[in-house]
Amino acid sequence: MEAILLKALFKASNCNNSNLITSLLSAVANVFPVKMCTLWKVNFLTGHLSVHAREKYEPVSKLDFEYVHLIKGSLIGHFIDIIVSEKKKYIDIPSVLDQPYIDYHQSPDRVRSLKLKRMICIPIYDFDESKCEANRSNIGAILNIYPEDDFDFDLSYAEIIQEHFSLSISRSKLISREELTRDIMSVYENRGGRDLGTLFKPIIDKIFRKYIKYEGCSIFTWDPFSNKLDLVQTTGILGNPNTKDVYYYLGEGLTGGIALGEKEYIISDVNYYRKKNYDGNYKYKWRENTRNDPLSFMAIRIMSPSRVSEILGIIRFTNKLNPLANVIDQFNKDDYELINHASNMIALYMDYDQNSKIRSAFALQMAHEIKGPATFIRASSDRLQKRWNSSFSKRQVNSELRDIFDYSELQIILTSTIEYAWRGSEDIPKSNLYHVKRVRLLDLIEKVKKLAIPIAREQAIDFNSINIEGDLPYLFIDPTAFKQVFINLLTNAIKYRKRSRTERFKVSIKGYGLKEYQIPESNNIKVGYLRKNIRKVGYLINIIDFGIGVDPNEVNKIFNLGYRRKDVLRLDVRGLGMGLYVVKKVLEDFGCTIWVSKFSDPTIFSIFLPNTLRDDNYTKNSTWRD
Amino acid sequence: MEGSEMILWVDDDIYGSVRPFIEELELSGKRVIKAQNPEEMWDKLKEYYKDIKIIVMDVLLPVGKDIDPDEAQMGLITGLLLLDKILKKSAYSDIPLIIFTILNDQVVHEWAKQHHVKYVLKQETLPSEFLVLVEENKK
């Protein structure tokens with residue numbers, strides 16, 4: 001019998017992936033004398049069981065409990081408890097009509113009408129790909145067999161079934177992923193000039209449906225400039241609103257909350273969830289047009305592969321349907337993993353698209369930034385040349401020359417920022433990147449303050465509002481690199497100042513010598529590169545301004561290359577989003593730490609400079625030289 | 001400066017790279033009214049439109065409160081959207097316009113050609129040349 005079972009299962013495995021589990025179950029039903037058998041998927045996330053395949057019985061879909069029901073209080077739930085607590089390989093009961101089984105059974109009518117009696121329950125464990133064996137701590141499915149009463153069932157059969165089903169389900173998942181990848185790639189390859197929204201149409205209408213049956217699906221993309229999730233494609237939204245009117249702000253409702261990463265991604269009863277979490281005040285803003293009332297829900301975030309923790313969009317599903325009938329089912333972790341896999345593919349395409357746009361915008365912006373000071377120098381020099389001996393007084397000539405000098409410095413600083421942002425990598429020794437000298441930090445910051453003159457003047461602000469004080473000692477650092485640190489922090493304070501006329505611009509740079517300092521964790525929890533729990537001796541420098549502040553939701557992005565606070569666009573379109581990236585890069589290379597210690601009123605950027613910079617011993621270490 | 005010819009100059013870099021151009025105009029006796037963003041521009045236009053002889057407009061500008069950042073392509077064409085609006089308002093539509101920008105872009109070229117507006121690049125123009133342009137194009 002074992003050989004026959006094995007042969008039948010192997011033969012059944014040799015079929016189309018979408019029919020694999022049905023085919024295996026059919027093999028079991030053909031080899032054993034069974035009245036009926038069912039493979040139930042166990043969904044511990046929502047606490048439900050769903051029929052995945054069934055042989056020799058097909059209930060009508062209005063008997064929805066025959067397709068989906070709660071684990072708790074069910075016969076299978078009872079068996080799972082026994083299997084786990086008593087470490088049973090399988091359960092074989094002589095009569096399902098006996099107590100307590102019949103009380104747990106969801107369909108005693110079916111038991112009686114089909115004359116079911118004996119029942120065998122075999123747990124199918126999730127397959128651990130890394131160990132190439134079933135993971136006995138995770139039950140993924142349950143195989144229920146109602147055999148003829150006199151059938152001589154053996155442990156070896158249970159083991160063969162367990163192993164074969166476990167491996168096949170795992171294989172099926174892998175094949176599904178591969179097929180899904182191919183399907184999405186093919187859509188993208190045939191994209192032509194179509195926009196992303198059009199591209200998503202076949203994905204949500206056809207491709208996803210090959211793997212999961214559902215009633216509604218929508219894709220929202222993140223608009224970083226207006227900070228909202230915009231609908232780009234849907235199977236249909238209730239009320240057929242205009243697509244451009246369908247959006248969520250960050251944190252708004254369930255979808256906006258998921259974008260923030262604060263809410264659950266799989267919900268078994270979306271109505272109950274809303275009532276529970278929103279005190280019944282929030283119904284929904286937009287929901288998919290579904291045949292049944294919304295019940296099960298799953299949302300997957302599309303995250304940028306190139307810009308850490310940046311959301312690109314959300315794919316959300318309403319009402320999963322059971323694979324065997326139009327009964328509302330529950331989304332499970334396999335669905336989540338599969339769609340998450342698809343979302344990673346989609347993210348790559350979205351990211352590529354966005355990066356192309358960002359690249360051209362960046363090139364344009366960079367040209368603009370560099371040509372600005374150059375235009376000034378060119379125009380001023382021409383005026384000076386033409387009026388040298390005629391209408392210009394000596395004071396005017398001096399002023400003009402001073403301006404030309406300042407703008408030349410500005411241009412040098414700007415091109416250095418670009419240079420520091422792009423040059424170097426982990427592979428290049430720091431000794432090649434930096435030229436360390438003994439420099440008094442106070443003098444360096446004073447020089448930087450002067451460099452900021454043209455920037456301050458451009459913005460018509462009072463240059464004397466930049467205050468430098470405290471312990472700013474001699475250090476062994478690269479002065480050019482550290483000028484970049486402070487000019488960028490200073491120009492950010494200027495750029496991101498409050499622009500109302502009543503607000504006076506003010507910025508302070510204060511240094512403190514510290515015998516021992518613990519970088520506070522609470523304020524910098526989102527800045528990943530901080531070295532925590534280390535007490536250090538060194539200097540703390542606070543750069544304090546009373547500007548518009550740092551958005552706490554974006555604090556983990558502000559040091560990313562290309563990051564610009566999006567709402568600033570209304571006030572300021574210039575800048576390359578390189579400043580803080582360069583600041584962080586330089587400081588990290590010198591073993592320093594930067595964090596935002598206060599988000600607003602005032603905004604405080606804190607820098608910790610370790611005492612190791614008091615001499616040049618660190619430049620002799622292999623970590624610096626090699 | 002009372003009685004001198006008035007120029008409205010819209011540029012977020014008004015105290016920076018265009019300063020030599022403005023000073024040149026001022027030296028020749030013109031009065032330059034400065035606006036750094038759309039809101040300031042509308043305020044100044046409302047106040048001085050009868051006396052303004054020409055409007056000098058940058059293209060890359062902050063979008064301000066009322067312009068949709070998407071429509072303005074993240075500020076890249078804010079100036080063109082403002083010029084469109086100016087041309088549509090009868091009180092302002094007869095004021096001559098000059099686009100004065102660093103941005104050398106086909107879209108701007110086409111817009112300027114279609115609307116018969118001078119399109120001048122900052123990096124290719126000297127203050128004295130710009131003064132001549134203003135003289136030639138003013139109302």
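Look above for the structure.
Residues numbered from 1 in each chain as written. Chains lettered and ligands numbered in written order. Predicted model: local features only at pLDDT ≥ 70, side-chain atom pairs only at ≥ 80, totals over all residues.

Trainee: How should the sheet that holds strand β2 (residues 31–35) of chain B be read in this particular structure?
Mentor: Paired through their backbone hydrogen bonds, the strands of a sheet run either parallel or antiparallel. Residues and elements named next belong to chain B. An order of β2-β1-β3-β4-β5 is seen for the five strands of this open sheet, with the pairing classed as parallel. This sheet does not close on itself; its edge strands, each paired only once, are β2 and β5 (118–121). The sheet shows a mean angle of 25° between the axes of neighbouring strands, taken without regard to direction. With three bridges connecting them, strand β3 (residues 52–57) and strand β4 (residues 97–101) associate as parallel partners. Paired with M57 across the strands is I99, a residue of β4. The sheet contacts of helix α3 (residues 78–88) involve β1 (6–10), β3 and β4, and relative to β3 the element is tilted by about 150°. (Pairing = 2+ DSSP bridges. Helix = DSSP H or I, 4+ residues; strand = E, 2+ residues; numbered from the N terminus. Axes fitted to C-alpha atoms, helices over the stretch in contact; angles between N-to-C directions. Contact = placed C-beta atoms within 7 Å.)

Trainee: Where do I start with the interface of chain A and chain B in this structure?
Mentor: Buried accessible area, meaning the area lost when the parts come together, often serves as the stated size of an interface. Between chain A and chain B, the contact holds 25 residues from the first and 27 residues from the second. Among the secondary structure elements, those contributing two or more residues to the side of chain A that touches chain B are α10 (333–387) and α14 (453–458) of chain A. Of all the elements, α10(A) adds the most residues to the side of chain A that touches chain B, at 13 residues. Grouping the constituent residues of the side of chain A that touches chain B by class yields 11 nonpolar, six polar and eight charged. (Nonpolar A, V, L, I, M, F, W, Y, C, P; charged D, E, K, R; others polar.)

Trainee: In this structure, what is going on with the nonpolar core? I would like to understand it.
Mentor: The nonpolar side chains of a soluble globular protein tend to be buried with one another. In terms of nonpolar packing, the biggest core is built from 98 residues, with A:L490, A:V586, B:V10, B:I55, B:V56 and B:M57 touching the most fellow members. If one sorts the elements of this core by residue count, helix α15 (residues 479–495) of chain A sits on top with nine residues. Residue contacts for B:V10: discarding those within four places in its chain leaves B:A35, B:M41, B:I55, B:V56, B:M57, B:D58, B:L61 and B:L82. A:C37, A:V68, A:V111 and A:I145 belong to the second largest nonpolar core, which has 88 residues in total. (Core = buried A, V, L, I, M, F, W, Y, C linked by C-beta atoms within 7 Å. Buried ≥ 20, exposed ≤ 12 C-beta atoms within 10 Å, placed from the backbone.)

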